[in-house]
Number of protein chains: 2
Amino acid sequence: MKKYNVAVVGATGVVGRKMLQILKEKNIPIENLYPMASKRSAGKTIEFGGREWVVEELTDKSFEKDIDFAIFSAGGETSKRFAPVAAKCGVTVIDNSSAWRMDENVPLVVPEINGDEALKNQGIIANPNCSTIQAVMALKPIYDKFGLKRIIYSTYQAVSGSGRGGILDLENGVKGEENTFYPKPIAYNVLPHIDSFLENGYTKEEMKMINETRKILGDQSIRITATTVRVPVFYSHSESINIETNEPFEIEDIKNLYVDCPGVVLMDDPENNVYPTPKLTCDTDEVYVGRIRRDFSTENGLNMWVVADNLRKGAATNAVQIAEYLINKGYFDK
Amino acid sequence: MKKYNVAVVGATGVVGRKMLQILKEKNIPIENLYPMASKRSAGKTIEFGGREWVVEELTDKSFEKDIDFAIFSAGGETSKRFAPVAAKCGVTVIDNSSAWRMDENVPLVVPEINGDEALKNQGIIANPNCSTIQAVMALKPIYDKFGLKRIIYSTYQAVSGSGRGGILDLENGVKGEENTFYPKPIAYNVLPHIDSFLENGYTKEEMKMINETRKILGDQSIRITATTVRVPVFYSHSESINIETNEPFEIEDIKNLYVDCPGVVLMDDPENNVYPTPKLTCDTDEVYVGRIRRDFSTENGLNMWVVADNLRKGAATNAVQIAEYLINKGYFDK
């Protein structure tokens, strides 16, 4: 069996470590691992597959070796600067940042939805925003069967989506210490503020959900709005999603869409307290859907509640699934 | 100056204590205080206005004395049973439970919005649901100026809304102890479950928001849906509110509605991190509005973020304001 040479850029970060964990869990056959990071982390060692690998500093020379694919998870600036360098060296980049997602030459891929797009890459494949991945996983079956006219997202996002700074702010906050990462305390608080604000009053995170949903579903006609909110939860994002479909449906039809739906689990028996929560879904790779009910305030309206581990399906799992998809299609055999 | 004889039913509960605190803060002139509670709490003493008052057990005889008004905050069952008893004795009941809110003979009152309804009571006046009060406070100026076609609520509600059990579950949960009150852990978790589930898949809390909003605004034509969610916050509820108005508006017009709007504070300068959060708004009597921005996904669409202290304007402050309104109108002078 062919083994792959894999770089993980940002290997020492919260998502980078999760990438390594999931590469391991999914038994991706790895010949050589190249953990890369900023100068600060260079020289550290990382255990993987029974060996120690030394973290090297990311430079323009880093990709001048035989690497099949590189998973980038070191922030937008690093990706903007180094993903094209890697691509030029013939390395297939799977980029977890927002830097390339809306570039028309870069496929934005959720393997269960549009895996084939990954094959059309020109060197860079973008991994979507965490909140968007779980939303489109839940919405895609509805889109295919009934069409989507409008989506209104309100999110409840975990601090791990901000990396270590967010996690520390919550850990320290419950001990009564001051916030040093977020602009306001996150312990026992909620912040309607994820990523920076734009001139139109939306945050970048909100615009990511709007634009990326359309790109992944491949339909610019879907009308979408979003309010994204940070909550004092460590892992797993939750979303209150209100939609209008194009075609009429029965609630049972919607629920049935999630029977045998790869990557999505229906968890919807509220009378027995069965609905997804962050604690229940954390450390799993699936997207969980519950609280499915008709929105009587409009024609073809529906409310749903969608929860998934933001570091797994929302980031690392999806990125590794993209690599897996390419491997299974023999993409690196060429 | 006339002084009033006031009963507080459920005086030892989380909201009951807040009622007493706000009666004090607002300098409601009280001659005699009658704290009432279940047998379990009877005999305890409560300090109020420089005197000690003994908590008496609530019975059918409790209101056979000279009482001007009684604030009930001891749950729906107690209100259903004893509010009519009090009313029959000539006591004006201000009821904080959901028992009487949708009764067509019971006014549902937010003084800034429909205070005059309180004067038409037949013995019982209902204090609305906490999430509903702050929502209608924010929506009323928009309703008056541009009309409301549709409202989509997604809430982020504090544990104090559940009383002491909710507060303890969160306090103990962050220490690693198990939940004993909520059906699932609330520490570092969010639960799309407030009050019990109905056959249509909605919770009672969600239906309260839908039905009470229409009743307070006096308009059954407004189309409304809601998803209500408990978050690990002690005090203050937050709400992501998406609306469609009947008439077109400019964003500046909306913001200007909150200049000199009694009880509502505009807190909306996101580029300088100015937006309401639970921590900022807790222990104040105002409703805070921020993140006002156009929803481009529909005609006349708007997103907003509304936060208020659920025990104050969401419960005790509003109830005491109803009493204050009646006092100022000379209602008890007859």
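Here the structure is a predicted model, which is why all the values come from computation and not from measurement.

Trainee: Describe the sheet that holds strand β10 (residues 223–227) of chain B, and please don't skip the residues or the numbers.
Mentor: Residue and element names in this part refer to chain B. Strand order in the open sheet formed by 6 strands is β10-β9-β11-β14-β13-β12, and the pairing between neighbours is mixed. Single-partner strands in this sheet number two, and they are β10 and β12 (264–266). Taken pair by pair, the neighbouring strands of this sheet meet at an average axis angle of 25 degrees, ignoring direction. The sheet contact formed by β12 and strand β13 (residues 287–295) spans 3 bridges and is parallel. Its bridge partner being in β13, L266 is matched across the sheet by V289.

Trainee: Would you mind going over helix α5 (residues 164–174) of chain A in detail, with residue names and values included?
Mentor: Within α5(A), burial applies to A:G166, A:D169, A:L170 and A:G173. Along α5(A), the residues classed as buried sweep out an arc of 95 degrees about the axis, all on the same side.

Trainee: Hey, could you go over the relation of the copies chain A and chain B for me, with residue numbers and the actual values?
Mentor: Mapping chain A onto chain B is achieved by rotating through 180 degrees and translating by 0.0 Å along the same axis, at an RMSD of 0.0 Å. What the superposition gives is, in effect, a two-fold axis relating one chain to the other. Both copies contact each other with a shared surface, as 100% of the interface residues of chain A are interface residues in chain B too.

Trainee: So, the pairing of strand β7 (residues 92–95) of chain B: which residues are in play, and what are the values?
Mentor: All names here are of chain B. Both faces of β7 are covered, namely the face carrying T92 and I94 and the face carrying V93 and D95. Both strand β6 (residues 69–72) and β7 contribute to a ladder of 4 bridges, which runs parallel. From the neighbouring strand, F72 faces β7, where its bridge partner is D95. Taken together, β6, helix α2 (residues 76–88) and β7 constitute a β-α-β crossover, and its handedness is right-handed. As paired strands, β7 and strand β8 (residues 124–126) are joined by 3 bridges and run parallel to one another. If you follow D95 over to β8, its bridge partner there is A126.

Trainee: Got a sec to walk through unusual backbone geometry? Specific residues and values, please.
Mentor: Residues and elements named next belong to chain A. Phi is positive for Y188, close to 55 degrees, though the residue is something other than glycine. With respect to the secondary-structure elements, Y188 resides in the loop between α5 and α6 (204–217). By C-beta crowding, Y188 is classed as buried, having 22 other C-beta atoms within 10 Å. Phi at S236 takes a positive value of approximately 90 degrees, unusual for a residue other than glycine.

Trainee: Go over the interface of chain A and chain B, please, and point to the residues and values.
Mentor: In this complex, chain A contributes 46 residues to the contact, which on the side of chain B involves 46 residues. For the side of chain A that touches chain B, the secondary-structure elements that each account for two or more residues are β9 (148–156), β10 (223–227), β11 (237–245), α8 (278–281), β13 (287–295) and β14 (301–308) of chain A. For the side of chain A that touches chain B, the class distribution of residues is 22 nonpolar, 16 polar and 8 charged.

Trainee: Got a sec to walk through the pairing of β6(B)? Specific residues and values, please.
Mentor: Residue and element names in this part refer to chain B. Burial along β6 is two-sided: the residues F69 and I71 and A70 and F72 are all buried. In this structure, strand β1 (residues 4–9) lies alongside β6, joined through 4 bridges in parallel fashion. In the sheet register, V9 faces β6, and the bridge partner there is F72.

Trainee: Can you break down the domain arrangement of chain A residue by residue, with the values?
Mentor: Residues and elements named next belong to chain A. As far as domains go, chain A holds domain 1 (4–127 + 315–333) and domain 2 (131–310). For domain 1 and domain 2, the distance between their C-alpha centroids amounts to 25 Å. Counting residues at the interface gives 13 residues for domain 1 and 17 residues for domain 2. Of all the secondary structure elements, the ones that give two or more residues to the side of domain 1 that touches domain 2 are α3 (111–119) and α9 (312–328). The class makeup of the residues in the side of domain 1 that touches domain 2 is 6 nonpolar, 5 polar and 2 charged.

Thresholds, definitions, all that
- Residues numbered from 1 in each chain as written.
- Chains lettered and ligands numbered in written order.
- Predicted model: local features only at pLDDT ≥ 70, side-chain atom pairs only at ≥ 80, totals over all residues.
- Pairing = 2+ DSSP bridges.
- Helix = DSSP H or I, 4+ residues; strand = E, 2+ residues; numbered from the N terminus.
- Axes fitted to C-alpha atoms, helices over the stretch in contact; angles between N-to-C directions.
- Buried ≥ 20, exposed ≤ 12 C-beta atoms within 10 Å, placed from the backbone.
- Arc of directions from axis to C-beta.
- Least-squares fit on C-alpha atoms with pLDDT ≥ 70 in both.
- Contact = placed C-beta atoms within 7 Å.
- Right-handed = clockwise from strand over helix to strand, strands pointing away.
- Nonpolar A, V, L, I, M, F, W, Y, C, P; charged D, E, K, R; others polar.
- Domains from an automatic or database assignment.

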